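# Results of the structural survey
As a plain string of letters, each chain reads:
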Amino acid sequence: MSSVLERPSAAAPGSSSVPPRRRTRILALPEARWALAALVLFLLALPPYLLDAPAWLWAPPFAATYVAGGWEPGREGLKALKDRTLDVDLLMVVAALGAAAIGQVLDGALLIVIFATSGALEAVATARTADSVRGLLDLAPETATRLADDGTEETVPAAELAVGDLVLVRPGERIGADGRVVDGASDVDQATVTGEPLPVAKRTGDEVFAGTLNGSGALRVKVERDPSESVIARIVAMVEEAAGTKAPTQLFIEKVEQRYSLGMVAATLLVFAIPLLAGAGLQSTLLRAMTFMIVASPCAVVLATMPPLLSAMANAGRHGVLVKSAVVMERLGQIDAVALDKTGTLTEGTPRLADVRLVDGPGGFDDPGALGGSGAPGGSGAFRCSGDPGGSGGFGDPGALGGFGAPGGSGDPGAFRRSGDPGGPGDPAALRRSGGPGGPDRSEFDEDSLLRLAAAAEHPSEHPLARAVVEAARARGLVLPAVEDFVSTPGTGVTATVDGRTVTVGSPARLLEPGVAHPAAALAAALEEDGRTAVVVTVDGRPAGVLGIADRLRPEAALATRALTELTGRAPVLVTGDNARAAARLAAEAGITDVRAGLLPQDKVAVVDGLQGAGAKVLVVGDGVNDAPALAAAHTGIAMGRAGSDLALETADAVVVRDELATVPTVIGLSRRARALVVQNLVIAGAFIAVLVVWDLAGTLPLPLGVAGHEGSTVLVGLNGLRLLADGAWRRARPEAVR
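### Focus: the overall build of the protein chain
Secondary structure assignment for the protein chain yields 23 helices and 22 strands. Taking all 739 residues of the protein chain together, 47% fall into the buried category. In the protein chain, the proportion of contacts linking residues at least 24 apart, taken out of those at least 6 apart, comes to 65%. With the model as given, the accessible surface of the protein chain reaches about 33100 Å², and the carbon-plus-sulfur share is 60%.

Following this line, the structure appears as structure tokens:
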């Protein structure tokens, strides 16, 4: 992947790489306002009630609490009742009113407040997700500069662009529509769409995407897709569609809720009515029915599920993993396949200097076997001296790169001369590596000296690759000299005068002459083959070295990959928008063999759908906007939190706050332990309910004993679930590979 080092101009206002985040204010939601009102009224009524003050002090605030928190669910419940549907919301309101009717005003008001608060939190979570999806559209600018046939400029709404329009994109602006460059050169930050960590060089014929950020060069782009069909617009549509595919689970829960509500009402009425019709006394029948309602209450069953999952969530939160709900914690334990993003997930997401290759060092002319170096006997096409065996293409071959008798050969001033000739090996100024007079001496540069010059030239630049070079020089303790005449050329690189020498740092495609065999070109190709971004450094017009820059693998990535393989029984899949060579290199280091590279967001969704279509329950781990559709489509999604996009963080079911990839397999192991405790608790709760219900119906279960049995089972399963709060539970949940 070729990249350009240049200094971007100041971005236009609002054109930062992350668009301003639009959030719905909490109090703009009616559910939140009513819940807050109910809470305030409840707190006003509580002190006088507890202090046995006159009823006129606490009764009105309690009554207002019931109205504020219960009117909306009560109204919705009555609407559902008209449709012959028994809503559990209505039952909750009726239960609160029933408690008040028998004198338990405080209990009923507290129930209303808790119920209203729960509804408000659900509304806030829904609004946040909707805000994030809508905010994604802010990536695309509201206006664009359209060029008419006569060259005049016209500012138009980006939504009005049509296929075939010609658009001018100035430095620092966001691209208004998907299209193709017809003129100009620049670097474009397209991480929001492809996930690539580094800006990508764009020139005539290259495709660009709406919402991506232009660098310091001007581009003329021909629109190829309607704005409503752009990649960004399709990401929004796919997130909404994928989120909608989870609706069947919600429908199943609603059906269970409906049947349970009907069953409880019917059973209680039967327990009361049948004995009464058979001639039993009213008081004893009512007492039996009340006891039945208590012991058959699903409190222990509900508590059997929630404490283990909530304890696991709290434990995971202490260790840097935010799991958004108990449902997610349960689902994490079900996954049996994992798809990992590359940039920002397997890698740190920050370019680092990985290699310094000297044209005058290893890989240069003096390296035996490297590029047919001068010490490499028999190297095909090698640079050989006259008389070397296998001189085909050597200096003894007339016409071969300055061979004897050829222009530029040993008889031509400036050629590589024999020992004893003026300027030959006995001459200190001879054997200049770059192939001509004035080139860098082979002893002139080592890695530090070359890096010092390159970093000094790059220091004024704001390009991510430039920062990587400067940071590497500082890490080595190099002192950077002052620079003069700094120039940044879009599509080429930077040039500056350092210590009186002209230093240029930039793209091999622009700094090296095409079609000419040169050691620097071979070094650049080798680095790019290894997945690096190659940057050529020239000194006084002669290539002196090549820098290799790469996104560094997280230190724990290989261990995390092995742990995920251990948990799921299959190796993770790498899904990335980056180029295949970089992806393959990172995958090999992490121990991943299944690599899917060059993917757009819809392609990642297709990979997830393919795995799930084969019966797998897929966990997707990612961090960018381009990962959001896959996160939403997957059985479970986890986002890397430190540099994750707003949309990814909102769409994901869990967030790794500290960016520690090794916590992902641990939280999966913790989820599986929580699921095992849920099963244990359900068995305990079910056994208690069955025994107490049979006792009440077949014999005479004293109400105090029924309450004790019911509450005892509730406490037992609650304490059992709380075991996962201990730090030891997190350590035991770690797979062997990450211990």
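Next comes the rest of the description.
### Brief notes about the nonpolar core
V323, L346, L619, V664 and V667 are the most contacted members of the largest nonpolar core, which totals 43 residues. Counting residues per element, this core draws most heavily on helix 21 (residues 663-698), at 7 residues. Discounting residues that sit within four places of it in the chain, V667 has contacts with A316, V321, V323, M329, L332 and W730.

### Points about helix 17 (residues 580-590)
Owing to its 3.6 residues per turn, the α-helix aligns residues three or four sequence positions apart on the same side. Within helix 17, burial applies to A582, A583, R585, L586, A587 and A590. Where helix 17 is buried, its residues meet helix 11 (342-346), strand 12 (347-358), strand 17 (542-553), helix 16 (557-568), strand 18 (573-575) and strand 19 (594-596). A positive phi of about 85° marks G591, the residue just after helix 17.

### Topic: the pattern of salt bridges
As enumerated under the stated definition, the model contains 20 salt bridges in all. R75 is the salt-bridge partner of E76, the closest N and O atoms lying 3.4 Å from each other. Using a relative accessible area of 34% as the deciding quantity, one classes E76 as partly exposed. Exposure remark for R75: the relative accessible area of 36% places this residue in the partly exposed category.

### Things to note about the sheet that holds strand 6 (residues 200-202)
The strand order across the open sheet built from 3 strands is 6-5-8, with neighbouring strands paired in antiparallel fashion. Each of the sheet's edge strands pairs with one partner strand only, and the pair in question is strand 6 and strand 8 (213-214). As paired strands, strand 5 (residues 186-189) and strand 8 are joined by 2 bridges and run antiparallel to one another. By the bridge assignment, V188 is partnered in strand 8 with N214.

### Considering the packing of helix 16 against helix 21
Between helix 16 and helix 21, the shortest axis-to-axis distance is 8 Å and the interhelical angle comes to 25°. The angle between helix 16 and helix 21 places the two elements in the roughly parallel class. In contact with A560, A563, L564 and L567 of helix 16, helix 21 contributes V664, P665, I668 and R672. Of the residues assigned to the contact of helix 16 with helix 21, the class counts are 7 nonpolar, no polar and 1 charged.

### Some points on helix 13 (residues 464-475)
Helix length check: helix 13 (12 residues) gives 16 Å between terminal C-alpha atoms against 16 Å at 1.5 Å per residue, within 8%. Among the residues of helix 13, those classed as buried are L465, A466, A468, V469, V470, A472 and A473. Contact partners of the buried residues in helix 13: strand 12, helix 12 (447-458), strand 16 (533-539) and strand 17. Of the residues one or two after helix 13, G477 is the one with positive phi, at around 75°.

### Observations regarding the pairing of strand 14 (residues 493-498)
With 5 of its 6 residues buried, strand 14 lies for the most part within the structure. Summarising the sheet, strand 13 (residues 483-489) and strand 14 pair through 5 bridges and their orientation is antiparallel. Looking at the pairing, V487 lines up with T495 of strand 14. Between strand 14 and strand 15 (residues 501-506), which pair antiparallel and follow one another directly, the connecting turn spans 2 residues, one of which, D499, has a positive phi of 50°.

### Brief notes about the environment of R288
Mapped onto the secondary structure, R288 falls in helix 8 (residues 282-295). According to the relative accessible area criterion, R288 is partly exposed, its value standing at 27%. Not counting the four nearest positions on each side in its chain, R288 is found in contact with V271, D696, L697, G699 and T700.

### Focus: the packing of aromatic side chains
Applying the stated criterion to the full structure yields 5 aromatic pairs. Look at W58 and F62: their rings are 6.1 Å apart centre to centre, the planes differ by 65°, and that puts the pair in the edge-to-face class. Here W58 and its partner F62 are both found in helix 2 (residues 55-82), 4 residues apart, which amounts to about one turn of the helix. A residue is classified by how much of its surface remains accessible, and F62, at 1% relative accessible area, is buried. One aromatic cluster is present, built from ring pairs that chain together F42, Y49, W58 and F62.

### Notes on the packing of helix 1 (residues 30-50) against helix 2
When two helices pack together, their arrangement is given by the angle between their axes and by how far apart the axes lie. Following both chains from N to C, one finds helix 1 and helix 2 inclined at 160°, their axes separated by 8 Å at the closest point. By the angle class used here, helix 1 and helix 2 are roughly antiparallel. Note that helix 1 runs across helix 2; the crossing there is left-handed. Side by side, helix 1 and helix 2 meet where E31, W34, A37, A38, L41, F42, A45, P48 and Y49 of the first sit next to L57, W58, P61, F62, A64, T65, A68, G69, W71 and E72 of the second. Here the residues of the contact of helix 1 with helix 2 are counted per class, giving 15 nonpolar, 2 polar and 2 charged.

### A closer look at the confidence of the model for the protein chain
Overall, the predicted model of the protein chain reaches an average pLDDT of 75, with 73% of residues at or above 70. Taking the mean pLDDT of every element in the protein chain, the minimum, 59, falls on helix 6 (residues 231-244) and the maximum, 94, on strand 11 (residues 337-340). Every residue in residues 245-253 scores below 50 in pLDDT, and together they form 3 contacts with partners more than four places removed in sequence or on other chains. In this model, residues 361-443 is a region of pLDDT below 50 whose contacts with residues beyond four sequence positions or in other chains number 130 contacts.

### What about the pairing of strand 9 (residues 219-223)?
Where burial is concerned, the two faces of strand 9 differ: the one with L219, V221 and V223 is buried and the one with R220 and K222 is not. Bridge count for strand 3 (residues 166-169) against strand 9 is 4 bridges, and the pairing is antiparallel. Looking at strand 9, one finds that V169 is bridged to L219. Bridge count between strand 4 (residues 179-184) and strand 9: 5 bridges; the pairing is antiparallel. What sits directly across from D183, in strand 9, is R220.

### A word on unusual backbone geometry
Across residues other than glycine, the phi torsion is negative in most instances, and most of the peptide bonds are trans. Despite not being glycine, D499 shows a phi value in the positive range, around 50°. Examined against the element boundaries, D499 turns out to sit in the loop between strand 14 and strand 15. By relative accessible area, which is 47% here, D499 ends up partly exposed. A positive phi angle, close to 55°, is found at D540, a residue other than glycine. Mapped onto the elements, D540 comes out in the loop between strand 16 and strand 17.

Calculation criteria
Residues numbered from 1 in each chain as written. Predicted model: local features only at pLDDT ≥ 70, side-chain atom pairs only at ≥ 80, totals over all residues. Heavy atoms only, no water. Helix = DSSP H or I, 4+ residues; strand = E, 2+ residues; numbered from the N terminus. Buried < 20%, exposed > 50% of the residue type's maximum accessible area, 1.4 Å probe, protein only. Contact = heavy atoms within 4.5 Å. Areas by Shrake-Rupley, 256 points an atom, 1.4 Å probe, with all protein chains shown as cover. Core = buried A, V, L, I, M, F, W, Y, C linked by side-chain atoms within 4.5 Å. Salt bridge = Lys/Arg side-chain N within 4 Å of Asp/Glu carboxyl O. Pairing = 2+ DSSP bridges. Axes fitted to C-alpha atoms, helices over the stretch in contact; angles between N-to-C directions. Parallel < 35°, antiparallel > 145°, perpendicular 65-115°, else oblique. Nonpolar A, V, L, I, M, F, W, Y, C, P; charged D, E, K, R; others polar. Expected span 1.5 Å × (residues − 1). Phe/Tyr/Trp six-rings, centres within 6.5 Å; stacked < 30°, edge-to-face > 60°. Left-handed = near helix turned anticlockwise from the far one by under 90°. pLDDT = per-residue confidence, 0-100.

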